[in-house]
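# Structural description and commentary
Listed below are the residues making up each chain.
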Amino acid sequence: MAKLTKRKEDYSKWYNELVINADLAENSGVRGSMVIKPYGYAIWEKIQQELDRKFKDTGHQNAYFPLFVPKSLFEAEEKNAEGFAKECAVVTHYRLEADPDNKGKLRVDPKAKLEEELVVRPTSEAIIWNTYKNWIQSYRDLPILVNQWANVVRWEMRTRLFLRTAEFLWQEGHTAHATKHEAIEEAELMLNVYADFAENFMKIPVVRGLKTESERFAGAEETYCIEAMMQDGKALQAGTSHFLGQNFAKAFDVKYATANGGLEYVWATSWGVSTRLMGALIMTHSDDQGLVLPSTLAPIQVVIVPVYFNDEQRNLVAQKAHQLKSELMSKGISVKFDDRDTFKPGWKFNEYELKGVPVRIAMGPRDLEKNQIEVARRDTGDKNFISLEKSVEHILSLLQEIDENIYQKAKDNKQELTTKVDTWDDFQDVIENKGGFVSAHWDGTTETEEKIQELTKATIRCIPLEAEKEEGKCIFTGKPSQQRVLFAKAY
């Protein structure tokens, strides 16, 4: 089994090797698009299932809307159309025909040009708000709380597995409300759902914040976000929730009759997370040996590897292993008993270490004589002999301990990579040499924000929601500032 490049040597190379070698995903025959392999998709399914449960618990329902958006609908909300214009794939024809100049080849039929071009959705606000126009007449029709699980296409030039691909999987929530207050409440609720999910399920500590005007979603009045810190000192946006005001309602003329007979435009939100969360998971927890997964997301939580030298021993170990597997599964734990005789135990140990299986059990005839098993934990590599009678109880508490440990490790890393600075020299030094979040004063102008980005490649990741107001001077212009913001280089 190939050894991974060490993170300190080349973090980017380590990441790509890990994604491929751990069987998560691979590049495809389509430029910039990936194949998510079964093991990677099993992790994505767990992400999906937990989020879906949370959405439904907060009153949302799933629906599905078309992949194609007529260009006229797409351009109805100008800011949104302008913001995504350069990333759009566009369908112009609806048929192919035999190429008369190249036998056995096809060409686009020039007579099959569409009357109106179709945009392959980069996001679905346009088609959804055009639909909501038919769904909403009265205040009785509100709120509409809808989510869709879908794929979207954003024509990226430089792609990276999970982090940035031309086509990716995501969910997008789109809600309609009678009042501004309700819509803002919804946007904040979903931000907190994402933060809770990231911290308690993915074990990734995040900062809740607001995007600056220049970093807002195109067409939004306010963008809320959760920002995570990767081990290499770069930030990653892990989820966004947008208060869209009445922009889309006005663009698509979506009004409702109020209880007292008036006519008002509705208020909107949208919110989403994508397969980019897979990249966040890998880069937050994993090490030079491979993936490190919390038990909440591991497709296999416990693997049992038998060790034997003849058929008699094999049968004896298999019997005990199946018994232990059944006991663990009855407690809701996913267990794999790897009895393949085409690979040696050592090879299997390496494979499951690479794939991030939280707990590995080795079981041989000598262990059974002593009524014990060897239990190894993936996060620390520690191994212990545990009596068979106590094994189920031990593994249940061990899985919880592993989850707590990897969260704490990530939290310590985020703290270590968060630095307060008050001068431009210190800012440049930290961004260039240490990395991570830099907490600094900013004068609130887009001009200063852009200049800082141009000089250092650092962007304002967010204006933290939980930070206290604090008067100070902008690190770049010296003008007054009311609050620190978080800068970082980002994925």
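Anything mentioned here points back to the structure above.
Parameters and conventions
Residues numbered from 1 in each chain as written. Predicted model: local features only at pLDDT ≥ 70, side-chain atom pairs only at ≥ 80, totals over all residues. Heavy atoms only, no water. Phe/Tyr/Trp six-rings, centres within 6.5 Å; stacked < 30°, edge-to-face > 60°. Helix = DSSP H or I, 4+ residues; strand = E, 2+ residues; numbered from the N terminus. Buried < 20%, exposed > 50% of the residue type's maximum accessible area, 1.4 Å probe, protein only. Pairing = 2+ DSSP bridges. Axes fitted to C-alpha atoms, helices over the stretch in contact; angles between N-to-C directions. Parallel < 35°, antiparallel > 145°, perpendicular 65-115°, else oblique. Left-handed = near helix turned anticlockwise from the far one by under 90°. Contact = heavy atoms within 4.5 Å. Salt bridge = Lys/Arg side-chain N within 4 Å of Asp/Glu carboxyl O. Polar contact = N/O pair within 3.5 Å; in protein donor to acceptor, adjacent residues only side chain to side chain.

## As for the packing of aromatic side chains
Overall, the coordinates contain 17 aromatic pairs when judged by the stated rule. Both rings, one in F65 and one in W135, keep their centres 6.1 Å apart while their planes meet at 40 degrees; by these two values the pair is tilted. Of this pair, F65 sits in the loop between β3 (61-62) and β4 (68-70) while W135 sits in helix α5 (residues 125-135), and the two are 70 residues apart along the sequence. For F65, a relative accessible area of 5% gives the class buried. Considering the side-chain rings of W424 and F427, the 5.4 Å spacing of their centres and the 15 degrees angle between planes classify their relative orientation as stacked. With W424 and F427 both in helix α13 (residues 424-434) and three residues apart, the pair spans about one turn of that helix.

## Focus: the pairing of strand β12 (residues 222-229)
On any regular strand, side chains alternate: one points to one face of the sheet, the next to the other face. Burial analysis of β12 places seven of its eight residues in the buried class, which makes it a mostly covered element. Both β12 and strand β13 (residues 235-245) contribute to a ladder of eight bridges, which runs antiparallel. Looking at the pairing, I226 lines up with G239 of β13. Connecting the antiparallel pair β12 and β13 is a turn made up of five residues, with G233 showing a positive phi of about 85 degrees.

## Focus: the sheet that holds strand β18 (residues 335-337)
Pairing within the open sheet is mixed, and its five strands lie in the order β18-β17-β19-β20-β21. If you trace the sheet from one side to the other, it starts and ends with β18 and β21 (383-387), each paired once. Going from strand to strand, the sheet's axes swing by 25 degrees on average, the running direction of each strand aside. Alignment of strand β17 (residues 302-306) against β18, held across three bridges, turns out to be parallel. Note that in β18 the partner of V303 across the bridge is K336.

## As for the sheet that holds strand β5 (residues 89-93)
Pairing in this open sheet of three strands is antiparallel, and the strands run β4-β8-β5 from one edge to the other. Of all the strands in the sheet, the pair left with one neighbour each is β4 and β5. For this sheet, the mean angle separating the axes of adjacent strands, direction not counted, is 35 degrees. Pairing between β4 and strand β8 (residues 113-120): three bridges, direction antiparallel. Note on β8: the bridge partner recorded for P70 is L118.

## Examining the packing of α13 against helix α14 (residues 446-456)
In the contact formed by α13 and α14, the axes pass within 11 Å of each other and the chain directions differ by 50 degrees. Here α13 is positioned oblique relative to α14, judged by the angle of their axes. Of the two elements, α13 crosses α14, and the hand of that crossing is right-handed. On the side of α13, the interface is formed by W424, F427, Q428 and I431, while α14 contributes I452, L455 and T456.

## Some details on the pattern of salt bridges
Opposite charge on two side chains allows them to pair when their charged atoms are near. Counted under the stated rule, the structure contains 29 salt bridges. Where D338 meets R340, a salt bridge forms, and the shortest distance between an N and an O atom there is 2.7 Å. Exposure remark for R340: the relative accessible area of 28% places this residue in the partly exposed category. One network of salt bridges, in which partners are shared, links D23, E26, K37 and K355.

## Quick look at the side chain of T240
When you line up the elements, T240 lands in strand β13. You can call T240 buried: its relative accessible area is 12%. Separated by 3.4 Å, the side chains of T240 and H242 make a polar contact. The contact partners of T240, leaving out residues within four places of it in the chain, are Y194, T223, Y224, C225, W271 and G272.

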